[in-house]
Amino acid sequence: MKSYVFPGNIEERILRIAGEPFPYMRTALFSEIVKDSERMLLELIHCPGGRVIFYTASGTGAMDAVVTNYVSLKKKAFIIAGGSFGYRWKSLCEYYQVQNEVFEVPFARDIDYAQLENAVAASRPDVFLCQHHETSTGQLFDLKKISAICRKHNVSLVVDAISSFLSDDLDMEELNIDICITSSQKGLNIAPGLSFLFLSPRILQTDFLHKSYYFDFAENLKNLERGQTPYSPATSLFMQLHARLKENVVLGVDKIIASVRAKALYFRELCRQNGWEIPAEVPSNCITGFFVRQNGDILFNELLKQDIFIMPGGTPCYFRVSHLGVQSEEDLDDLAMRIKEIEYR
Ligand SMILES: *Cc1c(COP(=O)(O)O)cnc(C)c1O
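Residues numbered from 1 in each chain as written. Predicted model: local features only at pLDDT ≥ 70, side-chain atom pairs only at ≥ 80, totals over all residues. Heavy atoms only, no water.

S.K.: Summarise the packing of aromatic side chains; cite the residues concerned and give the values.
M.R.: Both the distance between ring centres and the angle between the ring planes are used here to describe each pair of aromatic rings. If you walk through the whole model with that rule in mind, you get 17 aromatic pairs. Taking the centre distance of 5.3 Å and the plane angle of 45 degrees together, the rings of Phe54 and Phe238 count as tilted. Highlighted residues: Phe54 in strand S2 (residues 51-56) and Phe238 in helix H8 (residues 235-251), separated in sequence by 184 residues. Taking relative accessible area as the criterion, Phe238 reaches 1% and is therefore assigned buried. Among the aromatic side chains, those forming a connected cluster through ring pairs are Tyr55, Tyr213, Tyr214, Phe215 and Tyr231. (Phe/Tyr/Trp six-rings, centres within 6.5 Å; stacked < 30°, edge-to-face > 60°. Helix = DSSP H or I, 4+ residues; strand = E, 2+ residues; numbered from the N terminus. Buried < 20%, exposed > 50% of the residue type's maximum accessible area, 1.4 Å probe, protein only.)

As structure tokens, this is what we get:
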């Protein structure tokens, strides 16, 4: 099996951890794993003095938590919608009846930042919701520009960095981000099931709302003081997470990102050679979205028959290949060759 979807191919040594016995959660041993994981996550995203809430939930669970505990405190949200993940912010705000305004960004385009600033100035929101990388299109947004606009207009910045964490540069402190979200099955390259909510030190004293029992920030933060989660965590995933983080901290963020980037650039050169158009204006390192010329209707299933997973893109002939996880140049050569063979059948 070869995986070019999330989380990608995982090393045997990390995979095996999920099959091993795991500690009881209410022990000092497990508390140490939680505390150590929190310390390493804060280091990797550069959020000194911040906190990390661990949820046994997929990334959308953490997005939901942000809206119920934090965004609902605010009068008006401003949302960047450049694809399906942007619209997820919108549907969460609608679901919880938070007043919101959407700034639509065309498929795979970058934001027009001057226009954005005008829209923010006119809308006068108090919280800004966006993705760093809109995973449905491969487009990476410029957080430095977004951050500057939020600072100038005094808007709290919340970033879904689920698919950019550890694949593109992200410094939470420098960018003045109040809340960031990531999850286990993307850049951390372990199984899905855990998500992480980073709170900047600036907002830790906030009187968060209590509208979601399981996701309650205050209850989770209280338990975190002793390295615990209020309810049963996905313990074996925590063991994989801890092992992964220890390796990541030794490698360092720059090396991790450089490695993802090298795979992305290699594959994009193969796309160029094959005439597969890459629509993203500023592509993230995380995935490559591209158009094949024909046979898009059979490509996904034909690769599946060969035990290869790529992501369908929701648009005819458009596909996405993830660059997270174990992936060699030979693997990518082989993948491109197989796609080409199916394309010209
Ligand atoms: C993967 C992803 C999510 C979360 O999806 P889940 O299926 O709930 O884990 C949210 N936002 C972005 C940008 C993503 O890439």
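S.K.: Could you give me a rundown of the pattern of salt bridges, with the residues and numbers involved?
M.R.: Under the defined criterion, the tally for this structure stands at 22 salt bridges. A salt bridge links Glu302 to Lys305; its shortest N-O distance comes to 2.8 Å. Of this pair, Glu302 and Lys305 are both found in helix H10 (residues 296-305), three residues apart, which corresponds to roughly one turn of the helix. Classification of Lys305 as exposed rests on a relative accessible area of 64%. The partner of Arg345 in a salt bridge is Glu302, with the nearest N and O atoms 2.7 Å apart. Within this pair, whereas Arg345 is found in the segment after helix H11 (329-343), its partner Glu302 is found in helix H10, the two being separated by 43 residues in sequence. Relative accessible area serves as the criterion here: at 15%, Glu302 is assigned to the buried category. (Salt bridge = Lys/Arg side-chain N within 4 Å of Asp/Glu carboxyl O.)

S.K.: Run through the site of the ligand, naming residues and quoting values.
M.R.: The ligand sits among 14 residues. The nearest are Ser58, Thr60, Thr135, Asp160 and Lys186. Here an oxygen atom of the ligand sits 2.5 Å away from a polar atom, N or O, in the side chain of Ser58. Gly59 places a polar main-chain atom, nitrogen or oxygen, 3.0 Å from an oxygen atom of the ligand. The fraction of the free accessible surface of the ligand (390 Å²) that becomes covered by protein chains is 87%. Sorting the residues of the shell around the ligand by element identifies helix H3 (59-69) and helix H4 (84-95) as the ones contributing at least two each. In terms of residue count, the dominant contributor to the shell around the ligand is H3 (three residues). Residue classes in the shell around the ligand are distributed as three nonpolar, eight polar and three charged. (Near = heavy atom within 4 Å. Polar contact = N/O pair within 3.5 Å; in protein donor to acceptor, adjacent residues only side chain to side chain. Areas by Shrake-Rupley, 256 points an atom, 1.4 Å probe, with all protein chains shown as cover. Nonpolar A, V, L, I, M, F, W, Y, C, P; charged D, E, K, R; others polar.)

S.K.: Hey, could you go over the side chain of His133 for me, with residue numbers and the actual values?
M.R.: Inspection of the secondary structure puts His133 in strand S6 (residues 133-134). Owing to a relative accessible area of 2%, His133 belongs among the buried residues under this scheme. A polar side-chain atom of His133 sits 2.8 Å from a polar atom in the side chain of Ser163. Non-local contacts of His133, meaning those with residues more than four positions away in its chain, are made with Gly138, Gln139, Leu140, Ser163, Ser164, Ser284, Cys286 and Ile287. (Contact = heavy atoms within 4.5 Å.)

S.K.: Describe in detail the UniProt feature "domain: Aminotransferase class V" (unreviewed entry) in the protein, supporting the description with residues and values.
M.R.: The feature "domain: Aminotransferase class V" (unreviewed entry), as given by UniProt, occupies residues 28-205 in the numbering adopted here. With 35% helix and 23% strand, residues 28-205 has end C-alpha atoms that lie 27 Å from one another. (UniProt positions renumbered as here; feature names shortened; annotations may be inferred.)

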